[in-house]
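# Structural features, examined
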Amino acid sequence: MITNIKDSIPPKPFSSLDENKELIEALFKDSQDFISRKMPIGGVGAPWIYLAYIDAMTGRDIFDLTIIRRFFDMDWSNISEAEKGDLYTTLKDRGIATGDFSETDKMEDILYFIMAGDTAIFIEGYPKAIIVATRGFPNRGIQSAETEVVVQGPREAFSEVMRFNTALVRRRIRDTGLKVKQSRVGTRSQTDIALMYIEGIVRQEILEEVELRLKEINIDAILDSGCVEQLIEENWLSPFPQAQLTERPDKAASALLEGRIAIIVDNSPFVILVPVSINCFFQASEDYYSRWQVMSITRVLRFIGAFMAVALPAVYVAVALYHPSMIPLMMITTLADASGIVLFPAVLEIFMLDAAFELLREAGIRLKTASGGTIGIVGGLIIGQAAVEAGLVSPIVVIIVALTGIATFAIPNVSLVYGFRLVKYGILILAAAFGFLGLWAGLLLMLIHLASLRSFGFPYLMPFAASELSKGEDLKDSIFRLPLFMLRKRPFYANPRQASRYKASKE
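### Regarding the nonpolar core
Within the largest apolar cluster, 53 residues are counted, with the highest numbers of intra-cluster contacts made by Val210, Val228, Phe240, Ile261, Ile263 and Tyr460. Setting aside residues up to four positions removed in sequence, Val228 forms contacts with Ile193, Leu214, Ile217, Ile222, Val265 and Ile272.

Printed below as a string of structure tokens:
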């Protein structure tokens, strides 16, 4: 009997069907969802085969039609002696009714394919296996985007099935240059990861760096693309994302056409896009589907919202504590009356109400969609009004915190919002300690930190910094988006030999 199963896995399968059966069934011992069967093909004196697969991971209809029925319908007496001499090829060609199969003589790969939902077929006398693609595990299909909602544009979103996700991208880019490189990460999870890029447009050095970082990951399991994002980023201390996550296939396709790389992780509906700059996080898919004038104004509002999300509470605290002379004379009396009954200093008011706002936001996320929105609105109104009446906070603080929260929702990327929310507290503390001097020092430190960040070698503040690298072309699609016919060059991420993406008809 086999003992120490993990250490006893041979590099190659056995020639004996019974030995392969004993090994695999020992490996999957106590796994009630593991199904295996040793059976002869049709006819008297026919050879035996051994099938192994995981229940519910395998499509039953595909399995029955492409394997079981074909083998049972074979008549061994009608097979020629020459075909019997090459039994493996005969059964492979005549017994499998699908073109989607492969062969392998590595036991590690055989076990992986079984656990991934495929069916392994062993034939007596041959130390290898036929792997038939029978994956049919449950999934939620293609649904609408939830975190990157657009008014105008496609509604499709990625799902948890990696192959569905690659198909959604291929549907949008019908180019033989679109490549998919697949690998596995995680010693126990064996998670499939696919790299998608467009050959010729991508920079080769970026592709090699991404492949190297993925290869260096040595971890038990990868359960979501967020794990991969953290393991390949360059500065793990930074609160700002150095890779972009998206659930929209059209955004991923657009990034590939810019020379970037998409990392698709199985079991995750979010795709990683690298390299990235801070400008990418302010771009939404619908920016390119609507008229440039409207979208330029929208972009400006997003940048204003980002500044408010970081600096608005600090500006209020600095003015209230150190520079009250900046407040218009007619407002001073009103603010003084409102703040006179408040027991706490302005900075503590901000922290208390902002903490309540964050709790409401977190509660709204955890609850169902319908009740979550209601809790956020009603809870905010009730808590804000009650806090003012109780003298815990002043009305102006309620307005400041509400405007700051609304400003964060104007930023189209959640990961960047999290970074701004953390930095906000540091700048608020500096403003409370040193007034406007602390505010400007905090903003300067944030800018210095952003300028020091790199995403796979590219400056994080491009195109606002190092714009000479693209000769100013990337500034055409930054705070303002110029008309599409003026965006003739790809961003600096792309291969310089493939920089042109639009040509006028007269050229």
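From this point on, the discussion continues.
### Re the side chain of Asp118
Locating Asp118 in the fold gives a position in the loop between α5 (107-115) and β4 (119-123). A polar contact is formed between the side chain of Asp118 and the side chain of Arg135, at a distance of 3.2 Å. Not counting chain neighbours up to four residues away, the residues in contact with Asp118 comprise Ala52, Tyr53, Thr58, Phe113, Ile131, Val132, Ala133, Thr134 and Arg135.

### Here's the deal with the packing of helix α10 (residues 292-322) against helix α16 (residues 436-452)
Packing of α10 against α16 brings their axes to within 9 Å, and their N-to-C directions diverge by 160°. Considering their axes alone, α10 and α16 lie roughly antiparallel with respect to each other. Read as a crossing pair, α10 and α16 show a hand that is right-handed. Judged by residue contacts, Phe307, Val310, Ala311, Ala314, Val315, Ala318 and Val319 of α10 engage Phe436, Leu439, Leu443 and Met446 from α16. Residues that form the contact of α10 with α16 fall into these classes: eleven nonpolar, no polar and no charged.

### As for unusual backbone geometry
Along the chain, Val274 connects to Pro275 via a cis peptide bond; the corresponding omega equals -10°. You can see Pro275 is positioned in the loop between β10 (271-274) and α10. In the segment running from Met462 into Pro463, the intervening peptide bond is cis, with an omega of 5°. Following the sequence through the fold, Pro463 ends up in the segment after β12 (458-459). The phi torsion at Ala56 lies on the positive side, around 75°, for a residue other than glycine.

### Details of the packing of aromatic side chains
Evaluated as defined, the whole model comprises eleven aromatic pairs. The interplanar angle of 75° and the centroid separation of 5.7 Å between the aromatic rings of Phe240 and Phe420 together place this pair among those described as edge-to-face. Taken together, the residues Phe240 in the loop between α8 (225-232) and β8 (244-246) and Phe420 in helix α15 (residues 414-434) connect sequence positions 180 residues apart. Plain terms: the ring middles of Phe458 and Tyr493 are 5.5 Å apart, the flat faces sit at 75° to each other, and that makes the pair edge-to-face. Linking Phe458 in strand β12 with Tyr493 in the segment after β12, this pair joins segments that are 35 residues apart in sequence. Positioned over the ring face of Tyr112 is Arg184, at 3.9 Å from the centre of the ring.

Reading the values: rules and limits
- Residues numbered from 1 in each chain as written.
- Predicted model: local features only at pLDDT ≥ 70, side-chain atom pairs only at ≥ 80, totals over all residues.
- Heavy atoms only, no water.
- Core = buried A, V, L, I, M, F, W, Y, C linked by side-chain atoms within 4.5 Å.
- Buried < 20%, exposed > 50% of the residue type's maximum accessible area, 1.4 Å probe, protein only.
- Contact = heavy atoms within 4.5 Å.
- Helix = DSSP H or I, 4+ residues; strand = E, 2+ residues; numbered from the N terminus.
- Polar contact = N/O pair within 3.5 Å; in protein donor to acceptor, adjacent residues only side chain to side chain.
- Axes fitted to C-alpha atoms, helices over the stretch in contact; angles between N-to-C directions.
- Parallel < 35°, antiparallel > 145°, perpendicular 65-115°, else oblique.
- Left-handed = near helix turned anticlockwise from the far one by under 90°.
- Nonpolar A, V, L, I, M, F, W, Y, C, P; charged D, E, K, R; others polar.
- Phe/Tyr/Trp six-rings, centres within 6.5 Å; stacked < 30°, edge-to-face > 60°.
- Lys NZ or Arg CZ within 6 Å of the ring centre and 35° of its normal.

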